Amino acid sequence: MTVVASPSELSRRKRPYWTMARRDSLAGYVFVAPQAIGIAVFVLVPLLLVFWYSLHEWNVLAQTFRFKGLENYHRLLSDPGLPEVLIATAIFSIFLVVFNMSLALLLAVLLNQKLRGITVFRTLFFSPVVVSLVAWTIVWSFLLQNNGGLNGILDHFGIEGPNWLRHPTTAMIAVVVVQVFKNVGLNMILFLAALQGVPKELYEAARVDGIPAFRQFRRITLPMISPTVMLTSIITIVGSLQVFAQIAVLTQGGPGMSTTVLVYYLYQQAFEFHNFGYGATLSILLFVIVAALTFLQWQMRKRIVFYEN
Amino acid sequence: MKTDLSPRMKIALYGLMLILLVPFVFPTWWMVTSSVKPISDIFAFPPEIIPSRFDFSTYGQAFELQPFAKQYWNSAYIAAIVTGGTLIFSSMAGYAFARIDFPFANTLFMVVLIGLLIPSEVTIVPLFRLFLSWDMINTHWPLILVPVFGAPSVFATFIMRQFFIALPKELEEAARVDGLGRFKIFWTIALPLSKPALGAVAIFTFLHSWNLYLEPIVFLSSPEKFTLPQALTQFTDAYGGAMWNIQLAAATMTALPVLIVFVIAQRQFVEGLAHTGLKG
């Protein structure tokens with residue numbers, strides 16, 4: 001099919017080994033090799049090893065690596081701190097996802113209005129996404145100090161603010177809020193793109209029929225952007241389970257263990273207390289939770305998502 | 001929804017947006033302005049929105065307390081290599097998965113996608129042992145190798161694949177008829193057309209590397225190896241209390257360059273993310 005100029009008999013008689021298809025296959029393998037080998041070495045093998053390590057006790061300093069059977073799993077089930085960690089993780093993730101998604105949708109709807117200077121607002125709402133994460137968190141830890149910025153402002157209005165990062169409830173609110181303001185811009189942009197993709201004829205038809213704006217939003221907008229909502233919610237939930245730096249800088253998991261989420265607990269056990277075997281067991285717990293949530297959402301997607309490309 | 005709004009409605013919307021902007025804009029503004037205030041003014045009541053007195057000595061002190069210039073260089077060169085490497089390898093893999101018909105392509109793609117489902121935190125313990133056995137602890141290798149080849153790069157590969165799938169095949173057909181090799185086609189035809197997707201991937205990858213925190217504190221132990229996020233938390237006095245003004249100066253130096261690039265190129269940033277991110 002390729003050699004147009006030469007006679008077809010010639011090409012049939014002297015067919016070279018390196019046909020187009022073979023060369024293509026080779027090129028394909030060469031192109032994906034770095035990525036595929038990388039995934040094998042840095043994801044798949046470590047994933048298998050994490051199971052293997054969870055059956056061991058590993059002491060880096062003494063350089064011992066001993067088989068312990070299911071001991072780490074017994075420990076997991078009887079760990080008195082773990083229920084508190086799981087509750088903190090659940091509260092953090094649920095509040096984060098709900099707050100993040102609703103604020104992102106509100107901002108996207110606002111930015112979708114025909115207003116002069118709307119790109120300036122879009123830029124400003126998005127700006128925390130590009131501010132260094134730890135820098136952002138350090139500023140908030142200053143603002144939320146007992147004698148810091150926020151309480152200074154509240155004091156101005158005669159309100160005595162709480163010591164935000166030193167009470168369990170307000171500390172949890174603080175880590176959620178700081179994280180949402182940092183990253184909501186991403187979801188906001190994705191929602192905005194989805195809103196702009198809704199065909200305008202649908203709204204025109206609804207307007208002709210005299211359907212009020214709120215019902216248009218519920219009956220047209222939400223179903224039309226539901227694939228984006230679904231995808232971003234998966235990403236946001238999985239992302240919420242990975243939050244580490246904000247906790248490490250703002251609260252160090254405290255006060256008590258009130259903001260010790262699973263990833264932070266895993267880090268403490270493995271790299272602060274050097275319980276690597278138990279850290280590996282906690283990694284598996286994290287993996288199971290992420291996998292279960294992802295699976296659940298793919299199942300739900302079939303029932304909730306109204307429309308899909 | 002996009003009707004012309006009444007003037008009263010417009011004022012209400014502007015007002016609402018201005019109020020909502022406060023927690024998005026104030027922290028950055030506070031960081032930059034406080035970094036040039038004398039320490040007593042940082043705690044002033046009521047808070048000073050615009051500094052009345054200036055003290056730039058904190059910027060010098062940041063470099064004296066820690067090898068901050070070295071740490072800045074560490075973050076910058078690591079992010080540059082990670083971004084460049086990801087652009088090369090992820091666009092190659094993304095192109096092959098989208099365009100080249102080879103045996104087991106779909107199976108391989110599914111295997112690679114597993115990387116999207118496994119947070120890197122899950123594998124941090126085995127990775128630590130792996131790099132320990134390779135003698136790479138307290139070096140920058142883990143911060144380069146894992147992002148370029150491991151789980152974080154899968155998202156880039158996915159975006160590139162989605163982009164190449166949408167690219168019209170006809171653009172390449174002529175070159176194939178002329179007998180051009182795959183690599184030539186990729187390099188001279190497909191890649192130049194994929195600038196928007198490459199831009200989005202570059203932004204994502206750079207920010208990810210620049211913000212990395214768990215991996216540096218796990219893999220690095222000496223201050224001259226530290227990256228910026230890690231260094232920022234180390235500006236404390238002998239009692240472990242934060243030296244706020246110096247910390248805010250260092251934070252400003254970390255955040256401001258990226259912020260300035262963003263403001264200049266905000267169109268490409270935002271639209272690149274919106275159009276290539278998560279479509280299809």
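For clarity, every value in this text was computed on a predicted model and none was experimentally measured. (Residues numbered from 1 in each chain as written. Chains lettered and ligands numbered in written order. Predicted model: local features only at pLDDT ≥ 70, side-chain atom pairs only at ≥ 80, totals over all residues.)

### Considerations on the overall build of chain A
When helices and strands are tallied, chain A shows 13 helices and two strands. Over its C-alpha atoms chain A spans a radius of gyration of 27 Å, topping by over 25% the 19 Å that the globule rule assigns to 309 residues. Along the first, second and third principal axes, the C-alpha atoms of chain A reach 95 × 75 × 35 Å. Across chain A, the fraction of contacts at a sequence separation of at least 24, relative to all contacts at a separation of at least 6, is 70%. (Helix = DSSP H or I, 4+ residues; strand = E, 2+ residues; numbered from the N terminus. Rg over C-alpha atoms; globule rule 2.2 N^0.38 Å. Contact = placed C-beta atoms within 7 Å.)

### Examining the overall build of chain B
Along chain B, the regular secondary structure elements total 15 helices and zero strands. Taken over C-alpha atoms, the radius of gyration comes to 23 Å for chain B, far larger than the 19 Å a tight globule of 280 residues would show. Structurally, chain B occupies a C-alpha span of about 70 × 65 × 30 Å along its principal axes. Across the 280 residues of chain B, 43% fall into the buried class. A separation threshold of at least 6 residues defines the contact pool for chain B, and within that pool the share at least 24 residues apart is 73%. (Buried ≥ 20, exposed ≤ 12 C-beta atoms within 10 Å, placed from the backbone.)

### A short note on the packing of helix α3 (residues 57-65) of chain B against helix α14 (residues 244-264) of chain B
To characterise two packed helices, one gives the angle between the axes of the helices and the distance between these axes. All names here are of chain B. α14 packs onto α3 with a crossing angle of 90 degrees between their chain directions and a minimal axis gap of 8 Å. As the angle between them shows, α3 and α14 are arranged roughly perpendicular. From α3, T58, Y59, Q61, A62 and L65 reach across to α14, where they touch N245, I246, A249 and A250. When the residues that make up the contact of α3 with α14 are grouped by side-chain class, the tally is six nonpolar, three polar and no charged. (Axes fitted to C-alpha atoms, helices over the stretch in contact; angles between N-to-C directions. Parallel < 35°, antiparallel > 145°, perpendicular 65-115°, else oblique. Nonpolar A, V, L, I, M, F, W, Y, C, P; charged D, E, K, R; others polar.)

### Some remarks on unusual backbone geometry
The backbone of A:H274 shows a phi angle near 60 degrees, a positive value even though the residue is not glycine. Not every positive phi belongs to a glycine, and B:D135 is a case in point at roughly 60 degrees. On the secondary structure map, B:D135 appears in the loop between α6 (124-133) and α7 (141-149). What makes B:D135 exposed here is the crowd of 9 C-beta atoms within 10 Å.

### Observations concerning the interface of chain A and chain B
Between chain A and chain B, the contact holds 81 residues from the first and 85 residues from the second. Considering only residue class, the side of chain A that touches chain B consists of 57 nonpolar, 20 polar and four charged.

### Observations regarding the domain arrangement of chain A
Residues and elements named next belong to chain A. Segmenting chain A into domains produces domain 1 (17-67) and domain 2 (72-304). Listed by partner, the interface residues are nine residues for domain 1 and eight residues for domain 2. Counting residues per element, the side of domain 1 that touches domain 2 draws most heavily on strand β1 (residues 56-59), at four residues. Classifying every residue of the side of domain 1 that touches domain 2 gives five nonpolar, three polar and one charged. (Domains from an automatic or database assignment.)

### A short note on the nonpolar core
Judged by nonpolar contacts, the single largest core of 153 residues is most densely connected at A:A135, A:V139 and A:I189. Here this core gets 16 residues from one element, more than from any other, and that element is helix α8 (residues 168-196) of chain A. Once residues within four sequence positions are removed from consideration, A:A135 is found in contact with B:M31, B:L232, B:A251, B:T254 and B:A255. (Core = buried A, V, L, I, M, F, W, Y, C linked by C-beta atoms within 7 Å.)

### Some points on the packing of helix α2 (residues 20-53) of chain A against helix α4 (residues 68-99) of chain B
At a minimum axis separation of 8 Å, α2(A) and α4(B) run at an interaxial angle of 135 degrees. Classified by the angle between their axes, α2(A) and α4(B) sit oblique to one another. Note on packing geometry: the crossing formed by α2(A) with α4(B) is left-handed. Across the interface between the two elements, A:G28, A:F31, A:V32, A:P34 and A:Q35 from α2(A) touch B:F89, B:S90, B:M92, B:A93, B:Y95, B:A96 and B:F97 from α4(B). Here the residues of the contact of α2(A) with α4(B) sort into nine nonpolar, three polar and no charged. (Left-handed = near helix turned anticlockwise from the far one by under 90°.)

### Re the confidence of the model for chain A
Per-residue pLDDT for chain A averages 84, and the proportion of residues at 70 or more is 92%. Confidence, expressed as mean pLDDT per element, reaches its minimum in chain A at helix α1 (residues 8-13) of chain A with 54 and its maximum at helix α4 (residues 82-111) of chain A with 93. (pLDDT = per-residue confidence, 0-100.)

### Observations regarding the environment of A:I289
Tracing the chain through its elements places A:I289 in helix α13 (residues 276-304). When the C-alpha positions of A:I289 and A:L241 are compared, they lie 9.1 Å apart, and in sequence the two are 48 residues distant.

### A word on the pairing of strand β2 (residues 64-67) of chain A
Residue and element names in this part refer to chain A. The sheet contact formed by β1 and β2 spans four bridges and is antiparallel. Note on β2: the bridge partner recorded for H56 is F67. Hairpin remark: β1 followed by β2, antiparallel, with four residues in the connecting loop; positive phi at Q63, about 55 degrees. (Pairing = 2+ DSSP bridges.)

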